[in-house]
Amino acid sequence: MMIWQFKPFNDLTLDELYRILKTRVDVFVTEQACAYSELDNKDKNPQLRHLWCEDETGQVLAYVRLLPPGLSYPQASIGRVLVATPARGKGLARELMAKAIAHTQALWPDAGIQIGAQSYLHGFYSGLGFTRVSEEYLEDGIPHIDMIYVK
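Every chain begins its residue count from 1, and numbering advances along the sequence as written. For this predicted model, a pLDDT threshold of at least 70 governs which residues receive local features, and a threshold of 80 or more governs which side-chain atom pairs are given and counted, while totals over whole chains, interfaces and linings are taken from all residues. Think of the side-chain values as coming from all heavy atoms in the structure, minus any hydrogens and water.

Chemist: What am I meant to see in the overall build of the protein here?
Modeler: Note on conventions: DSSP H or I runs of at least 4 residues are helices, E runs of at least 2 residues are strands, and numbering of each starts at the N terminus. Along its length, the protein carries three helices and eight strands. For the protein, the sequential pattern of α-helices and β-strands runs β-α-β-β-β-α-β-α-β-β-β. Here the protein has a C-alpha radius of gyration of 15 Å; the compact-globule value for 151 residues is 15 Å, and the two agree. Each principal axis of the C-alpha distribution contributes one length, and for the protein these read about 40 × 35 × 30 Å. A buried classification covers 44% of the 151 residues belonging to the protein. Of the contacts formed within the protein by residues at least 6 apart in sequence, a portion of 58% connects residues at least 24 apart. Accessible surface computed for the protein: about 7800 Å², of which carbon and sulfur atoms make up 54%. Positive charges come from Lys and Arg alone, negative charges from Asp and Glu alone, with His and the N- and C-terminal ends not counted. Charge coordinates come from a single atom per side chain, which is NZ of Lys, CZ of Arg, CG of Asp or CD of Glu. Of the side-chain charges in the protein, 15 are positive and 18 negative, and the distance between the mean point of each set is 2 Å. With the radius of gyration taken over C-alpha atoms, the globule rule is written as 2.2 Å times the number of residues to the power 0.38. Whether a residue is buried, partly exposed or exposed follows from its accessible area with a 1.4 Å probe, protein chains only, as a fraction of its type maximum: under 20%, in between, or over 50%, in that order. Contacts are assigned to residue pairs with any non-hydrogen atoms lying within 4.5 Å of each other. Under the convention used here, a 1.4 Å probe and the Shrake-Rupley method define accessible areas, while residue burial counts only the protein chains that appear.

Structure below.
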């Protein structure tokens, strides 16, 4: 059973926050061997929303954060997109992003959406309605491109 959660920082329980941060560190720092400051002070922004899916034991299966316009880009943004290793290959990433796009548009209907995507995921994000708007650049040693939602 999958349970979807959608909350601002101040509504997260300590256990939820711990599970989210642990999963983000497991994926972005450990799995991707990327030493960077995972805690960037954006998570606590009162407009930012955390969206995640967990199983009945509370294990985070997928996660994304929705950032208000002006926090990362002039547009609203979707970031820290992840699917935990045991949940991969089941279509959860597409479901997560569909929910993230819908929530972002509901929260900031006139802002547009921009993301910084890992370059190898260009096809995935294009299939969701994003188009590339930048040259490739390195972020924390990983090739990225900026993309704008156009659907």
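Chemist: So what exactly am I meant to see when it comes to the pairing of strand 8 (residues 142-149) here?
Modeler: On any regular strand, side chains alternate: one points to one face of the sheet, the next to the other face. Taken across its eight residues, strand 8 has six buried, putting it largely inside the fold. Only when DSSP finds a minimum of two bridges between them are two strands counted as paired. Judged from the five bridges that link them, strand 5 (residues 113-118) and strand 8 form a sheet pairing that is antiparallel. Paired with alanine 117 across the strands is isoleucine 145, a residue of strand 8. Pairing of strand 7 (residues 137-139) with strand 8 involves three bridges; the strand directions are antiparallel. Bridging from a neighbouring strand, leucine 138 pairs with proline 143 of strand 8. Counting the residues between successive antiparallel strands, the hairpin from strand 7 to strand 8 contains two residues, one of them, aspartate 140, with a positive phi of roughly 55 degrees.

Chemist: So what exactly am I meant to see when it comes to the nonpolar core here?
Modeler: Nonpolar side chains in soluble globular proteins tend to be buried together. If you look at the biggest cluster of nonpolar residues, it comprises 25 residues, and the most contacted ones within it are Ile78, Ile101, Ile115, Tyr125 and Phe130. Of all the secondary structure elements, the ones that give two or more residues to this core are strand 2 (49-54), strand 3 (60-67), strand 4 (76-83), helix 2 (92-107), strand 5 and strand 8. It is helix 2 that contributes the most residues to this core, five residues altogether. The contacts of phenylalanine 130, once residues within four sequence positions are left out, are Met97, Ile101, Ile113, Ile115, Tyr125, Met147, Ile148 and Tyr149. Residues belong to one nonpolar core when they are buried, are Ala, Val, Leu, Ile, Met, Phe, Trp, Tyr or Cys, and are joined through side-chain atoms within 4.5 Å. By size, the runner-up hydrophobic cluster in this structure holds nine residues, among which are Phe9, Leu12, Val27 and Phe28.

Geometric descriptors of this kind do not, in isolation, establish any biological role.
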